[in-house]
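Spelled out from the first residue to the last, the chains are:
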Amino acid sequence: LLLLLAAALLTQPTAVAAPAAPAQAAGNPADKLLDFEFFRTQVQPVFLAKRDGNSRCYSCHSHGTPMRLQELSPGASAWNEEQSRRNYQIVLPRVIPRNLTFTRLLQHPLAADGGGTFYHSGGKHWTSIFNPEWQTIANWVCGRKAGEKLAVLTGGCGE
């Protein structure tokens, strides 16, 4: 019980994790380094992907979690431009550009044996950093732009 309480406290949102107003968003260094179009076209589909034996990220992250994604519009299978921009602002505080080790977006769903953190109440979606979804998000964290060829990463962004 004490371990669960400690894990819950460690995953509590900070003041930075709240949805940012446009003026605040401009001050977030990650916003200048990370490509919105890459996020919209490559990263967001990961949140909606169906997985065998595990829920979609969206199932939990559309309500009741600190990283709360926008609700999909009725009948929609993807987010519109405005919803994507809001999702982008929600995700930014969970990313340290060019740092794959401390980016929570990569570490929480990654199995501890594969280098991830111990706790993620939504389960572990990836067993290793070589999972294609992990690689996609890692490419974004490393600063790749929409349309660039994805690189296979081995735990760091390189030059």
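Residues numbered from 1 in each chain as written. Predicted model: local features only at pLDDT ≥ 70, side-chain atom pairs only at ≥ 80, totals over all residues. Heavy atoms only, no water.

1. A few points about the overall build of the chain
Secondary structure summary: the chain contains 8 helices and 0 strands in total. Taken from N to C terminus, the helices and strands of the chain fall in the order α-α-α-α-α-α-α-α. With 159 residues in all, the chain has 40% of them scored as buried. In the chain, 54% of the contacts between residues at least 6 apart in sequence involve partners at least 24 apart. Carbon together with sulfur atoms contributes 59% to the accessible area of the chain, which is approximately 9,000 Å² in total. (Helix = DSSP H or I, 4+ residues; strand = E, 2+ residues; numbered from the N terminus. Buried < 20%, exposed > 50% of the residue type's maximum accessible area, 1.4 Å probe, protein only. Contact = heavy atoms within 4.5 Å. Areas by Shrake-Rupley, 256 points an atom, 1.4 Å probe, with all protein chains shown as cover.)

2. Quick notes on the nonpolar core
With 33 residues, the main nonpolar core has Phe47, Val91, Leu100 and Trp140 as its most contacted residues. If you list the elements that add at least two residues to this core, you get helix H4 (36–48), helix H6 (81–91), helix H7 (104–107) and helix H8 (132–141). Here this core gets 7 residues from one element, more than from any other, and that element is H4. Apart from residues lying up to four places away in sequence, tryptophan 140 is in contact with Leu34, Asp35, Phe38, Phe39, Val43, Tyr88, Val91, Leu92, Val95 and Leu105. (Core = buried A, V, L, I, M, F, W, Y, C linked by side-chain atoms within 4.5 Å.)

3. A look at the pattern of salt bridges
Here the structure, examined in full by the defined rule, presents 4 salt bridges. A salt bridge links glutamate 81 to arginine 40; its shortest N-O distance comes to 4.0 Å. Linking glutamate 81 in helix H6 with arginine 40 in helix H4, this pair joins segments that are 41 residues apart in sequence. For glutamate 81, a relative accessible area of 38% corresponds to the partly exposed category. (Salt bridge = Lys/Arg side-chain N within 4 Å of Asp/Glu carboxyl O.)

4. Thoughts on the state of the cysteines
Enumeration over the complete set of coordinates arrives at 1 disulfide. Between the sulfur atoms of cysteine 142 and its disulfide mate cysteine 157 the distance is 1.9 Å. Here the S-S torsion is close to -80°, and the disulfide linking cysteine 142 with cysteine 157 is therefore left-handed. With cysteine 142 in the segment after H8 and cysteine 157 in the segment after H8, this residue pair connects regions lying 15 residues apart in the sequence. Each member of the pair, cysteine 142 as well as cysteine 157, carries the same accessibility label: buried. (Disulfide = S-S within 2.5 Å.)

5. A closer look at the packing of H4 against H8
Close contact between H4 and H8 brings their axes to 9 Å; oriented N to C, the two are set at 150°. With respect to H8, the element H4 is oriented roughly antiparallel. Classified by chirality, the crossing of H8 by H4 is left-handed. Facing H4, whose interface residues are Phe38, Phe39, Gln42, Val43 and Val46, H8 presents Glu133, Thr136, Ile137, Asn139 and Trp140. When the residues that make up the contact of H4 with H8 are grouped by side-chain class, the tally is 6 nonpolar, 3 polar and 1 charged. (Axes fitted to C-alpha atoms, helices over the stretch in contact; angles between N-to-C directions. Parallel < 35°, antiparallel > 145°, perpendicular 65-115°, else oblique. Left-handed = near helix turned anticlockwise from the far one by under 90°. Nonpolar A, V, L, I, M, F, W, Y, C, P; charged D, E, K, R; others polar.)

6. A closer look at H6
In an α-helix there are 3.6 residues to a turn, and that puts residues three or four apart on one side. Taken residue by residue, H6 has Gln83, Ser84, Asn87, Tyr88, Gln89, Ile90 and Val91 as its buried positions. One side-chain oxygen at the N-terminal end of H6 lies 3.1 Å from the backbone nitrogen of glutamate 82; it belongs to asparagine 80. (Polar contact = N/O pair within 3.5 Å; in protein donor to acceptor, adjacent residues only side chain to side chain.)

7. Remarks on the confidence of the model for the chain
On average, residues of the chain carry a pLDDT of 78, and 74% of them reach 70 or more. Confidence over residues 1–25 falls short of pLDDT 50; this stretch has 15 contacts with residues more than four positions distant or in other chains. (pLDDT = per-residue confidence, 0-100.)

8. Regarding H8
Burial of H8 is extensive: 9 of the 10 residues sit out of reach of the surface. Turning to H8, its buried residues number three or more, namely Glu133, Trp134, Gln135, Thr136, Ile137, Ala138, Asn139, Trp140 and Val141. If you follow the buried residues of H8, they end up packed against H4, H6 and H7. Of the residues that open H8, the one with a side-chain oxygen 2.7 Å from the backbone nitrogen of glutamate 133 is asparagine 131. Looking one or two residues past H8, glycine 143 carries a phi angle of roughly 100°, positive in sign.

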